[in-house]
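Analysis of the macromolecular model
What follows is the residue order along each chain.
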Amino acid sequence: MNAPVLVDAHHHLWDLDHRPQPWLDDPGVASIRRTFTPEDLRSTATHPVAGRRLHGTVVVQCIAEVAETEDLLALAEQEPLIQAVVGWADLTSPAIADVLDQLIAGPGGGYLRSLRHLVQGETDPDWLQRPEVERGLGAALDRGLRYDVLVRDHQLDSAIRLAERFPDLPQVLDHAGKPDIARQDFAEWDRRIRRLAAHSHVVCKVSGLITEADHTRWTTADIRPAWDVLVSAFGPERLMFGSDWPVANLAGGWNRWARAVDELLTGWSESDVHALLAGTATAFYRLAPVAGESDGAIRTT
């Protein structure tokens with residue numbers, strides 16, 4: 001019997017009194033320029049999805065600082081809601097192996113399950129294929145870590161090459177590669193997504209879609225074309241729900257996105273709902289299973 005739980009596989013936290021977030025200086029994100037805590041998430045995430053309420057989360061890095069990853073790991077050790085951390089370390093550094101070992105051995109180090117770099121901000125289209133980056137990815141693989149791929153739609157070819165070159169490294173595409181939902185321009189994104197999905201060790205987060213839509217006027221109908229491509233390409237068993245909270249607050253917030261997902265899941269089987277809302281994330285990030293949870297989701301090694 002599947003346990004009726006919901007895992008948010010992608011959200012952020014920051015304490016501006018403790019660690020600045022320079023990206024929040026952009027006037028376009030002024031509405032989220034404040035501290036966000038796990039308690040803020042608990043009090044916000046009130047809308048159930050397919051009858052499931054939030055059970056656990058994966059917190060994801062925001063800035064390219066090891067110190068932020070250390071903060072998140074220490075927080076995960078104290079906060080029951082957080083079940084895994086996606087951190088940052090400089091993949092190009094000759095000392096990457098030592099840095100990862102120190103993170104894993106430090107407070108909360110057992111919660112480090114994946115690494116991420118903001119490749120979406122890199123101007124080099126081959127950044128992921130740089131020899132020093134590949135060396136760093138090899139160090140992550142050697143330590144049993146996964147990799148969160150953050151690229152925009154025009155950078156998906158680089159993600160495809162990464163999947164080809166690292167068939168043993170479990171990878172998850174964050175925010176579905178950021179399709180252009182605002183303009184409903186999906187042709188090239190669709191083609192690249194299907195090529196990426198042909199690699200079975202790659203899964204995908206259904207997250208961050210509403211911030212690629214018109215922030216104030218988007219509807220579920222605007223999201224559905226991208227959603228349908230993802231379901232067709234990856235299948236429910238390789239998709240995972242993520243809120244991208246509190247960034248999602250720029251486009252309606254956690255509950256509005258949850259209501260949209262609830263609508264998009266109409267007519268799905270219980271096993272497929274479970275995969276997208278909990279099973280895929282549990283398998284990929286090696287989260288603690290919930291009592292009664294089935295073992296039907298994919299497993300990565």
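As a reminder, the structure under discussion sits directly above these lines.
Described in the following lines is the structure provided in the data block.

**Some thoughts on the pattern of salt bridges**
Any two side chains of opposite charge can pair, so long as their charged atoms come close to each other. Counted under the stated rule, the structure contains 21 salt bridges. A salt bridge links D174 to R116, with the nearest nitrogen and oxygen atoms 3.3 Å apart. Here R116 lies in strand β4 (residues 112–117) and D174 lies in the loop between β6 (171–173) and α6 (187–197), a separation of 58 residues in the sequence. Across the pair E188 and R191 runs a salt bridge whose closest N-O atoms are separated by 2.7 Å.

**Points about the packing of aromatic side chains**
This structure, assessed with the given rule, holds seven aromatic pairs. Considering the side-chain rings of W227 and W268, the 5.8 Å spacing of their centres and the 50 degrees angle between planes classify their relative orientation as tilted. Separated by 41 residues along the polypeptide, W227 in helix α7 (residues 220–234) and W268 in the loop between α8 (254–264) and α9 (270–284) bring together distant segments of the chain. Judged by relative accessible area, W227 falls into the buried class, the value being 3%. Among the residues examined, W268 registers a relative accessible area of 22% and is labelled partly exposed. The interplanar angle of 75 degrees and the centroid separation of 5.9 Å between the aromatic rings of F241 and W254 together place this pair among those described as edge-to-face. Of the two residues, F241 sits in strand β8 (residues 239–241) while W254 sits in helix α8, which places them 13 residues apart along the sequence.

**Looking at helix α3 (residues 96–105)**
Within the span of α3, buried status applies to I96, L100 and L103. Seen along its axis, α3 keeps its buried residues to an arc of 60 degrees; they face one direction. More than 90 degrees from the buried face of α3, the exposed residues found are Q102 and A105. The inward-facing, buried residues of α3 contact α2 (66–78), β4 and α4 (131–142).

**Quick word on the pairing of strand β3 (residues 82–87)**
Burial analysis of β3 places six of its six residues in the buried class, which makes it a mostly covered element. Looking at chain direction, strand β2 (residues 53–60) and β3 are connected through four bridges and run parallel. Bridged to V59 within β3 is V85. Summarising the sheet, β3 and β4 pair through three bridges and their orientation is parallel. Note on β4: the bridge partner recorded for G87 is L115. Between the parallel pair β3 and β4, the chain is carried across by α3, and the sense of this crossover is right-handed.

**Focus: the sheet that holds β2**
Strand pairing in a sheet relies on backbone hydrogen bonds, with the paired strands running either antiparallel or parallel. Ordered in space as β1-β2-β3-β4-β5-β6-β7-β8, the eight strands form an open sheet in which the pairing is parallel. The two strands at the open ends of the sheet, each matched to only one other strand, are β1 (5–11) and β8. Here the average twist between neighbouring strands, direction ignored, is 30 degrees. Pairing analysis gives three bridges linking strand β7 (residues 202–206) to β8, with the strands arranged parallel. Residue pairing in the sheet places K205 in a bridge with M240 of β8. Sitting on the sheet, α9 touches β1, β5 (146–149), β6, β7 and β8, and the angle it makes with β8 is about 110 degrees.

Quick notes on the rules
Residues numbered from 1 in each chain as written. Predicted model: local features only at pLDDT ≥ 70, side-chain atom pairs only at ≥ 80, totals over all residues. Heavy atoms only, no water. Salt bridge = Lys/Arg side-chain N within 4 Å of Asp/Glu carboxyl O. Helix = DSSP H or I, 4+ residues; strand = E, 2+ residues; numbered from the N terminus. Phe/Tyr/Trp six-rings, centres within 6.5 Å; stacked < 30°, edge-to-face > 60°. Buried < 20%, exposed > 50% of the residue type's maximum accessible area, 1.4 Å probe, protein only. Arc of directions from axis to C-beta. Contact = heavy atoms within 4.5 Å. Pairing = 2+ DSSP bridges. Right-handed = clockwise from strand over helix to strand, strands pointing away. Axes fitted to C-alpha atoms, helices over the stretch in contact; angles between N-to-C directions.

None of this, on its own, says anything about what the molecule does.
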